[in-house]
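# Chains, contacts and geometry: an overview
One letter stands for each residue in the lines below.
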Amino acid sequence: MKLTVKIIAGLVLGILVGVIFNLFAPDAFGPVDQYVLGPVGQIFLNLIKMLVVPIVFFSIVVGTAGISDPKKLGRMGGKTVAFFLVTTTIAISIAMALAYLIKPGVEGSFSGSSDFKAEEAPPVLDTIINIIPTNPIQAMVEGNMLQIIAFAIFVGFALAILGERTKALRDLFEQGNDVMMYLVKIIMETAPYGAFALIASAVGGQGKEALQSMGMYFIVVLGALLIHFLFTYGSAIYFLCKENPIKFYKAFAPAMAVAFSTSSSSGTLPVSMKTAQENLKVPKQISSFVQPLGATINMDGTAIMQGVATIFIAQITGVDLTFTQLIIVVVTATLASIGTAGVPGVGLIMLAMVLKQVGLPVEPIGLILAVDRLLDMTRTAVNITGDAACAMYIAKSEEKREGKEAETVL
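How each quantity is defined
Residues numbered from 1 in each chain as written. Predicted model: local features only at pLDDT ≥ 70, side-chain atom pairs only at ≥ 80, totals over all residues. Heavy atoms only, no water. Helix = DSSP H or I, 4+ residues; strand = E, 2+ residues; numbered from the N terminus. Expected span 1.5 Å × (residues − 1). Bend = angle between axes of the 7 residues up to and from the residue. Buried < 20%, exposed > 50% of the residue type's maximum accessible area, 1.4 Å probe, protein only. Phe/Tyr/Trp six-rings, centres within 6.5 Å; stacked < 30°, edge-to-face > 60°. Contact = heavy atoms within 4.5 Å. Salt bridge = Lys/Arg side-chain N within 4 Å of Asp/Glu carboxyl O. pLDDT = per-residue confidence, 0-100. Disulfide = S-S within 2.5 Å. Patch = residues over 30% accessible without salt bridge, like charges linked within 9 Å, V, L, I, M, F, W, Y side chains within 5 Å. Areas by Shrake-Rupley, 256 points an atom, 1.4 Å probe, with all protein chains shown as cover. Axes fitted to C-alpha atoms, helices over the stretch in contact; angles between N-to-C directions. Parallel < 35°, antiparallel > 145°, perpendicular 65-115°, else oblique. Left-handed = near helix turned anticlockwise from the far one by under 90°.

## Quick word on helix H12 (residues 265–278)
For H12, spanning 14 residues, the distance from its first C-alpha to its last is 19 Å, which sits close to the expected 20 Å at 1.5 Å a residue. The largest bend in H12 is about 35°, located at Val271. A large share of H12 lies buried, amounting to 12 of its 14 residues. Looking only at H12, the buried set comprises Ser265, Gly267, Thr268, Leu269, Pro270, Val271, Ser272, Met273, Lys274, Thr275, Ala276 and Gln277.

This is the structure:
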């Protein structure tokens, strides 16, 4: 049986076990989750997270050193950020349109307070300044991805400029990257069991009331995610990459399944990079540059949640948003997807910031927390698929450009 089939089987079985516990044996779920599902899932998560920092550092250094040309590096960076900004704008527009069409909050009402307390997002300028680490080792210890990426780009650029003088060090980084990829291959053999435990724990831990009360919101977010996943990314693959979207989804399925079970773009990064390089044939230097950057700043799934949640909260609180306010929601959420990339709990902080921009209360955010864990799984799968689509687009565009340059020389 192929690994992809095993992982999907683990997910399906995990959902069934979670539902059975939820409906028929809720009292027995606690001990099973504490002593079986929880530990198995956590061990799998720890195994993957163990590789995140070293694989990001090694891969970015190797990728940047391989690109070598500063103009090419800048061009690729510009196209990557532009791709993410455009897809994020499309994502939140789809979400808001679908929320207005289905109206998930019209029948609801909200009164009283919530346990949710909004945190302040840092100023965008501070986030940009803090991209440059004062202590790269501390950035690695804390897992600050933007700072790790920035330092790795500097190191890779220096290796490219110094050339033969640092060949031994460059070889060492390439060997380190190979070691990390081999460890990913070994850890992926445990993925079906980890996926089963994580999804069973998530589904079994949800109360029936929570799932029922937020049903329409849940359906709208899932619908928007599915539309964006199939049509936005599918169009990018078909029109920009000139490839078959179905083949793309099929080839990238193993990484999607792991992302769905872990709910972490960064945590899934080792698997998504390996899958893109081996199954999608994205060159290592491009995958090593684009996908870690995407795991940090690409938040299409989160933008969809914000778009639906904003309209949902406006509907349950009886507030009619003007067209100008809707534009503000789109712009704020799109820019915030990059500006607050390094903030823990970024999705809810960004949502609170968007709600404040248009004068909506933040307290109803507590209503959507009940089902956010399940939606977070799907959002993560969508996010990493966008990263892979972007990597494939950059690879195809650079390949086309290099072909034209070769023709010009001839």
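What follows continues from the structure just given.
## A short note on the packing of aromatic side chains
Under the criterion given, the structure shown has 12 aromatic pairs. Ring geometry for Phe229 against Tyr249: centres 4.7 Å apart, planes inclined by 25°, an arrangement best described as stacked. Linking Phe229 in helix H10 (residues 215–240) with Tyr249 in helix H11 (residues 245–262), this pair joins segments that are 20 residues apart in sequence. An identical accessibility class is assigned to Phe229 and Tyr249; each is buried.

## Points about the side chain of Gln315
On the secondary structure map, Gln315 appears in helix H14 (residues 300–316). Since its relative accessible area comes to 17%, Gln315 is described here as buried. Setting aside its immediate chain neighbours within four residues, Gln315 contacts Ala99, Tyr100, Lys103, Pro104, Gly105 and Val106.

## Examining the pattern of salt bridges
In this structure the tally under the stated criterion is 8 salt bridges. Here Lys396 ties to Glu243 by a salt bridge, and the two come within 2.8 Å at their closest N and O atoms. Taken together, the residues Lys396 in helix H17 (residues 365–409) and Glu243 in the loop between H10 and H11 connect sequence positions 153 residues apart. Under the relative-accessibility criterion, Lys396 is labelled partly exposed at 26%.

## Remarks on the confidence of the model for the chain
Averaged over all residues, the pLDDT of the chain is 84; the fraction at 70 or higher stands at 87%. Mean pLDDT across the secondary structure elements of the chain bottoms out at helix H9 (residues 208–213), with 55, and peaks at H10, with 94.

## Concerning the state of the cysteines
By the definition in use, this model includes 0 disulfides. Here Cys241 is not cross-linked by a disulfide; its sulfur's nearest cysteine counterpart is in Cys390, at 9.1 Å. Given the relative accessible area of 4%, Cys241 is considered buried. Looking at Cys390, the relative accessible area reads 0%, which means it is buried.

## Focus: a nonpolar patch on the surface
On the surface, a nonpolar cluster with roughly 820 Å² of combined accessible area is contributed by Ile8, Val12, Leu13, Ile15, Leu16, Val19, Ile20, Leu23 and Phe24. Within the fold, Leu23 resides in helix H1 (residues 3–24). Since its relative accessible area comes to 45%, Leu23 is described here as partly exposed.

## Quick notes on the packing of helix H2 (residues 26–67) against H11
Two numbers describe how H2 lies on H11: the axes approach to 11 Å, and their chain directions differ by 120°. Taken together, the axes of H2 and H11 lie oblique to each other. H11 is crossed by H2, and the crossing has left-handed handedness. Where H2 abuts H11, its residues Phe44, Leu45 and Ile48 lie against Val258, Ser261 and Thr262.

## Some details on helix H8 (residues 191–204)
Taking 1.5 Å as the rise per residue, H8 with 14 residues should run 20 Å; its terminal C-alpha atoms sit 19 Å apart, in good agreement. Of all 14 residues in H8, 11 are buried, a share of seventy percent or more. Ala191, Pro192, Gly194, Ala195, Ala197, Leu198, Ile199, Ala200, Ala202, Val203 and Gly204 are the residues of H8 that are buried.

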